[in-house]
Amino acid sequence: AVFKAATAALLTGYRAALQDEKGLLTEAIRLGQQIQITLLARMDTLNALERFIRSRVFWLRDDKPVGVEVLKPIGSEIRNLALWSRKIVSAEMTTWLAENLRSPVAIFYGLLLFIALPVGLFYDRQRLRRVTRSRIQLTVERGVCALHLAFVIFGALVSAVLLPAYLLIFARFIGSTDLPLFLRPVLSRALEFTAYFLFFWFLTRSFLRRRGIARLQFDMPPEAARILYRSLRIILIGYVTWLLIWQILRVSPFMFQALPRICYTLFELMAAAAVVWLVRPKSPIVLRIYISKTQGFVARYWSWLSALLILIAIFIVVLDIAGYRYGAQRLARSYTLSLVTLMLLPLIYTGVRSMLLSLARRRGMLTPATAPGEEAAAETKVEVQIHRFTRVVFILVAVILLANYWGIDTQAFKTLDELNLYRIRGVGDVAEFVTVADLIRAALFLTATFWILRALPGIYEFTLFPRLRLDEGMKYATLTMSRYGIFVVGMLLTLSEMHLDLGRLGWLMAAVGVG
């Protein structure tokens, strides 16, 4: 009896402890949910603050405009720069050199690292360039081969990276030595900037010089390659001069204000001049990329787009000079990425289209290409579908990339979600509205649905039907059922964005069932 009583008491104690533990766990879960709700509320607040800053970023003057007040300390900065240059030949520097060059081993390593290794890398680069040139000449004589083309591009990249890689390693080595503090960061940054400059300089020379890869392998006209080469050289020269000085003088050991601002403005002017020279309406590179290749929207309205690009480049420089530096930097980043995208995508588009056409010819879906001098045959249905499909895909890619560059993302849609158009219905005391973002998403779903329906025959004809042995009846049935399914899904997604429930979509189901 005593054992049973003790066991019952112990069991009751365990049950009470379990109940207390359950209560504590429930309380911990509740507190965790409250913390999660608080974190989500803070994220919403930060997102709202980010949208607020983005909407007003161009009107936040975060620096003084270039004027007398900014340029006032330029005299003292020049004097401080002269005093710093005298330290290079000072007793401190002489003592440091004498202490480090006292050992023959140090002298040997110095000669090996600073003289023998750069000379050897330069010699290897020259040999690799000769091999690449011979392979380029071989491809010109025998025709372009994918393997030879890959070898030529790889050789150009390796020859361009040899000396810059050495300079980057040397810059890291300088940053880890006991060199005097007044010289160590300056020398390290100068070597790093010079390495990047040499890499892009060698690369542009390999691709755009008179007998470069772009001319001989990709059939770029000489005038277009020359214009692009000059524009890139202007930007690279400004990078290694003004932007290098700006990067060195604005940080320790100088911490200047006037001279870095002048150097950065001069770099912006050089870059803007190069861009204006590159995107002007009669630019050969523009005629090559847009006018003679794509014949699309950009080619028809390039004069207006060129004027817009030139005005944006000038506006960026004016914005930075006026003191709106953060806005100018954000705008310059988006502008540069957009310009590179607009230059590269048409070239990639023509390459992908040519590859798809050649693949279709190998499968027997197209007639063989006509020989030079013969009259070209009219485009077949498959060719039209390939052109239409690739054009729309690249347009979508361009729109997505440009929207990402200019900050048109989910935050922008959240801003549009706050703009109500009309009330659709209410659940209890809560009203539900259709917003501008809902309308845009519905239009996007609807456009994508009809584009897929239009391109579906070409997609099936090029990808699915060649792998399946189907007669014409089965092909028609497969295509019809796929179109019905895509149409239903697309309309459901479109109307759901307009906050129409399944009860209100009964008429659509009935219409599809009758069809």
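The rules we used
Residues numbered from 1 in each chain as written. Predicted model: local features only at pLDDT ≥ 70, side-chain atom pairs only at ≥ 80, totals over all residues. Heavy atoms only, no water. Helix = DSSP H or I, 4+ residues; strand = E, 2+ residues; numbered from the N terminus. Buried < 20%, exposed > 50% of the residue type's maximum accessible area, 1.4 Å probe, protein only. Contact = heavy atoms within 4.5 Å. Areas by Shrake-Rupley, 256 points an atom, 1.4 Å probe, with all protein chains shown as cover. Phe/Tyr/Trp six-rings, centres within 6.5 Å; stacked < 30°, edge-to-face > 60°. Core = buried A, V, L, I, M, F, W, Y, C linked by side-chain atoms within 4.5 Å. Salt bridge = Lys/Arg side-chain N within 4 Å of Asp/Glu carboxyl O. Axes fitted to C-alpha atoms, helices over the stretch in contact; angles between N-to-C directions. Parallel < 35°, antiparallel > 145°, perpendicular 65-115°, else oblique. Nonpolar A, V, L, I, M, F, W, Y, C, P; charged D, E, K, R; others polar. Left-handed = near helix turned anticlockwise from the far one by under 90°. pLDDT = per-residue confidence, 0-100.

K.L.:
Would you mind showing me how to read the overall build of the chain here?
P.N.:
Scanning the chain from terminus to terminus reveals 19 helices and two strands. Here the chain, with 515 residues, has 32% of them falling under the buried criterion. The long-range share in the chain, meaning contacts at least 24 apart out of those at least 6 apart in sequence, stands at 70%. Summed over all atoms, the accessible surface of the chain reaches about 32300 Å², with 69% contributed by carbon and sulfur.

K.L.:
Would you take a moment to explain the packing of aromatic side chains for this structure?
P.N.:
The geometry of an aromatic ring pair is captured by two quantities: the separation of the ring centres and the angle between the planes. Applying the stated criterion across every chain, the model contains eight aromatic pairs. Note on Phe197 and Trp201: the rings are 5.5 Å apart at their centroids and 40° apart in plane angle, and the pair reads as tilted. Of the two residues, Phe197 and Trp201 are both situated in helix 7 (residues 184–208); the distance of four residues between them amounts to about one turn of the helix. By relative accessible area, which is 19% here, Trp201 ends up buried. Measuring from ring centre to ring centre gives 5.0 Å for Trp246 and Tyr264, while their planes differ by 45°; the resulting arrangement is tilted.

K.L.:
What exactly am I supposed to notice about the nonpolar core here?
P.N.:
A general tendency of soluble globular proteins is for nonpolar side chains to be buried together. By size, the foremost hydrophobic cluster in this structure holds 37 residues, and its most contacted members are Phe197, Leu243 and Phe254. Counting only elements with at least two residues in this core, the list comes to helix 4 (91–100), helix 6 (146–175), helix 7, helix 9 (222–249) and helix 10 (258–279). Counting residues per element, this core draws most heavily on helix 7, which supplies nine residues. Core analysis: the second largest hydrophobic core is formed by 26 residues, Ala225, Val279, Val286 and Tyr335 among them.

K.L.:
It is not clear to me how the side chain of Ser482 should be interpreted in this structure. Could you clarify?
P.N.:
Relative to the elements of secondary structure, Ser482 occurs in helix 18 (residues 472–497). On the basis of relative accessibility, which here comes to 17%, the residue Ser482 falls in the buried class. When near neighbours in sequence (up to four residues on either side) are disregarded, Ser482 contacts Leu456 and Tyr460.

K.L.:
Is there a simple way to think about the pattern of salt bridges in this case?
P.N.:
Pairing between side chains of opposite charge can happen when their charged atoms approach one another. Scanning the model with the defined rule gives eight salt bridges in all. Close ionic contact of Lys64 with Glu69 constitutes a salt bridge, the shortest N to O distance being 2.9 Å. A relative accessible area of 42% means that Lys64 is categorised as partly exposed. On the basis of relative accessible area, Glu69 is assigned to the exposed category, the value being 52%.

K.L.:
Just checking my understanding: could you explain the packing of helix 17 (residues 436–464) against helix 18 for this structure?
P.N.:
Each pair of packed helices can be summarised by the angle the axes make with each other and by the distance between the axes. Where helix 17 meets helix 18, the axes come as close as 8 Å, and the angle between the chain directions of the two elements is 175°. Between helix 17 and helix 18, the interaxial angle falls into the category roughly antiparallel. When helix 17 is examined against helix 18, the residues Asp438, Arg441, Ala442, Phe445, Leu446, Thr449, Ile452, Leu453, Leu456, Pro457, Tyr460 and Glu461 are found in contact with a partner set consisting of Lys475, Thr478, Leu479, Ser482, Arg483, Ile486, Phe487, Gly490, Met491, Leu493, Thr494 and Glu497. Among the residues forming the contact of helix 17 with helix 18, the class breakdown is 13 nonpolar, five polar and six charged.

K.L.:
Explanation requested: the packing of helix 13 (residues 302–321) against helix 14 (residues 325–362) in the structure shown.
P.N.:
At their nearest, the axes of helix 13 and helix 14 sit 8 Å apart, and the two run at 155° to each other. Between helix 13 and helix 14, the interaxial angle falls into the category roughly antiparallel. The crossing of helix 13 and helix 14 is left-handed. Each of Leu309, Ile310, Ile312, Ala313, Phe315, Ile316, Leu319 and Asp320 in helix 13 lies in contact with helix 14, whose residues at this interface are Arg325, Gly327, Ala328, Leu331, Ala332, Tyr335 and Leu339. Among the residues making up the contact of helix 13 with helix 14, the classes are represented as 12 nonpolar, one polar and two charged.

K.L.:
Explanation requested: the confidence of the model for the chain in the structure shown.
P.N.:
Atomic detail in the predicted coordinates should be set aside for any region of low pLDDT. On average, residues of the chain score 79 in pLDDT, and 82% of them reach the 70 mark or higher. Highest mean pLDDT in the chain belongs to helix 10 (91); lowest belongs to helix 19 (residues 506–514) (55). In this model, residues 368–378 is a region of pLDDT below 50 whose contacts with residues beyond four sequence positions or in other chains number six contacts.

K.L.:
Can you walk me through the environment of Pro284 in this structure?
P.N.:
Following the sequence through the fold, Pro284 ends up in helix 11 (residues 284–294). Overall, the relative accessible area of 17% leaves Pro284 in the buried class. Between the alpha carbons of Pro284 and Leu228 there is a distance of 8.9 Å; along the sequence they are 56 residues apart.

K.L.:
Help me understand the environment of Gly490, please; the structure alone is not making it clear to me.
P.N.:
Residue position: Gly490 is located in helix 18. Separated by 38 residues in sequence, Gly490 and Ile452 place their C-alpha atoms 9.8 Å apart.

K.L.:
Got a minute to help me understand the environment of Val434 in this structure?
P.N.:
Structurally, the position occupied by Val434 is in strand 2 (residues 430–435). When its relative accessible area of 0% is taken as the criterion, Val434 is described as buried. Taking the C-alpha atoms as reference, Val434 lies 5.6 Å from Tyr422; in sequence the two are 12 residues apart.

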